[in-house]
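Architecture at a glance
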Amino acid sequence: DEVGGQYARITALWEREMKPPLLEHVRLLRGDATRGSQALPRAEYLAGVDAFVAEIDRLVGMLEQVAERRIDLLRALQVAALVLTVSIVVVTMMLIQRRVMRPLGELLACADRVRRGDFSGRTRFTGDDELGRLGAAVNLMAEGLSKLYGKLEQRVADKTRDLARTNHSLELLYRVSKKLSEEPVSDRLLERLLKDIDEGLQSGPVTLCLATREAGARGARLVTTRTGRGDGGCWEEGCRACLDLKRPQLFRLDLPCGVRTRVMSFPVGDRDHRFGVLLMDLTQGKGLAPWQERLLGALAGHIGTALSLQQRVRESRRLVLHEERGIIARELHDSLAQSLSYLKIQVARLSAALDTPGRAGESKVILAELRQGISSAYRQLRELLTTFRLKMDDRGLGHALEETVQELRARGTADIRLDNRLPASALGPNEEIHVLQIVREALANVVRHSGAESARVTLARHGDGIQVEVWDDGEGCAAPADKEHHY
């Protein structure tokens, strides 16, 4: 090595020529030698300094040249590294663009289309690397979402159709129930109801066959929406089988006009009584959907409930009429019947007196008693008419009792007071009528028989019921009754 050889020469020159005089000079300086003895090593050292510095300067020049060559080499290496780095970056960017950016772009595009509800997009970049597997997963997800969304749309459409059908059924049930509650059941009302059912279901003509007690097992009351098929009757042999149904059943009927059809029969009635059947004619080759069967069953049940309610109302009115006639008969028996019997006896006495000479005075007495009996019977008749015309208005029991007390107070001489401590809603309508009749009858007996100057009526709660007390200061019952339950 040239630099190493020059360094070795400088080292040898230093050891051989420069270092000995320098050391000698230093030793002389430490030993306090004379200035003359010091001059020789110093002169020898100074004589070799220039040559030694020249050699060092040559070494420095050689080092500078080596450094410049190395700097040039380093520059070349840097340029090569820069070129290589730029090449690697370019190649990396190309690879990223082709293997990362494009797949990511397509993945984002697919995700955006999925977000907008379009599941038809697919990515082309699939493979074994991460993005390839992600692309395959996105394609699989889009395909699954497409199938699921298709099924979901179908389910939503089915649910929407079911909701619309349910709404239509509820609307039809509401219309039928409203009409049945607003009007009494009649042929005209049933015809309108069947027309609404026919238009609402649009499955075929509807027939309502009702059996009355007089008709036995035959359908006597027939309402139908059939047109062009005779009178809409059923075949004769089928009435008993049809009316005895307990659940919906399918029949094949031969109509009077010669047409053979299939009919779905639904029982009309309640738990206690069967009124008839609701018949639905089925189109050839078609049947009723389950929701239509449920709807027709519910409609038949509503009609049966309305018929049952109407029958119960009629029976209730008939029972009320019988009770009212019984009350009138008892009142007439307790008042007018006895008065008329008394008048009949008096007439017999008068006839006997007139037939016997010398009994004119007795005849006048009997006539006076007859006039008194007729007046008493007329007064009792007016009281009965007042009682029978008695009614309870919306002002309640308290007002009716006040009117009764004022009426009987004006009729007799007794001062009648009323103490009503019952709340307004303590009694029902029937109970209020009974209490009013009891109080009225008791006060009538006080005015008519007791000779009282004052009376008091008190109504108050007593345990779970009420207590009605009528008090007077009259004569009372001095002797026991001749007959039981007379007073």
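To be clear, the structure that these remarks concern was listed above.
The following paragraphs examine the structure supplied in this document. Every value quoted in this text rests on a predicted model; they were computed, and no experiment measured them.

**Overview of the pattern of salt bridges**
Applying the stated rule across the entire model yields twelve salt bridges. For Arg 16, the salt bridge goes to Glu 17, with nearest N and O atoms at 3.8 Å. Note that Lys 178 and Glu 182 form a salt bridge whose closest N and O atoms lie 2.9 Å from each other. Of this pair, Lys 178 and Glu 182 are both found in helix H3 (residues 130-182), four residues apart, which corresponds to roughly one turn of the helix. Judged by its relative accessible area of 35%, Lys 178 falls in the partly exposed class.

**As for the pairing of strand S5 (residues 274-282)**
Within S5, eight of the nine residues are buried, which leaves the element mostly enclosed by the surrounding structure. Strand direction decides the pairing type here: strand S1 (residues 206-210) and S5, joined by five bridges, are antiparallel. Across the sheet, the residue bridging to Val 206 is Met 280, located in S5.

**Regarding the sheet that holds strand S7 (residues 454-462)**
Backbone hydrogen bonds are what pair the strands of a sheet, in a parallel or an antiparallel way. Pairing within the open sheet is mixed, and its three strands lie in the order S6-S7-S8. Each edge of the open sheet carries a strand with a single partner, namely strand S6 (415-420) and strand S8 (465-472). Direction aside, neighbouring strands of the sheet carry axes that sit 10 degrees apart on average. Bridge analysis of S7 against S8 gives eight bridges, and the strand direction is antiparallel. When the bridges of S8 are listed, Val 457 appears paired with Val 470. Lying over the sheet, helix H8 (residues 397-411) contacts S6 and S7, oriented at roughly 170 degrees with respect to S6. Most of the contacts of helix H9 (residues 429-450) go to S8, to which it runs at about 10 degrees, and overall it touches S6, S7 and S8.

The rules behind the values
Residues numbered from 1 in each chain as written. Predicted model: local features only at pLDDT ≥ 70, side-chain atom pairs only at ≥ 80, totals over all residues. Heavy atoms only, no water. Salt bridge = Lys/Arg side-chain N within 4 Å of Asp/Glu carboxyl O. Helix = DSSP H or I, 4+ residues; strand = E, 2+ residues; numbered from the N terminus. Buried < 20%, exposed > 50% of the residue type's maximum accessible area, 1.4 Å probe, protein only. Pairing = 2+ DSSP bridges. Axes fitted to C-alpha atoms, helices over the stretch in contact; angles between N-to-C directions. Contact = heavy atoms within 4.5 Å.

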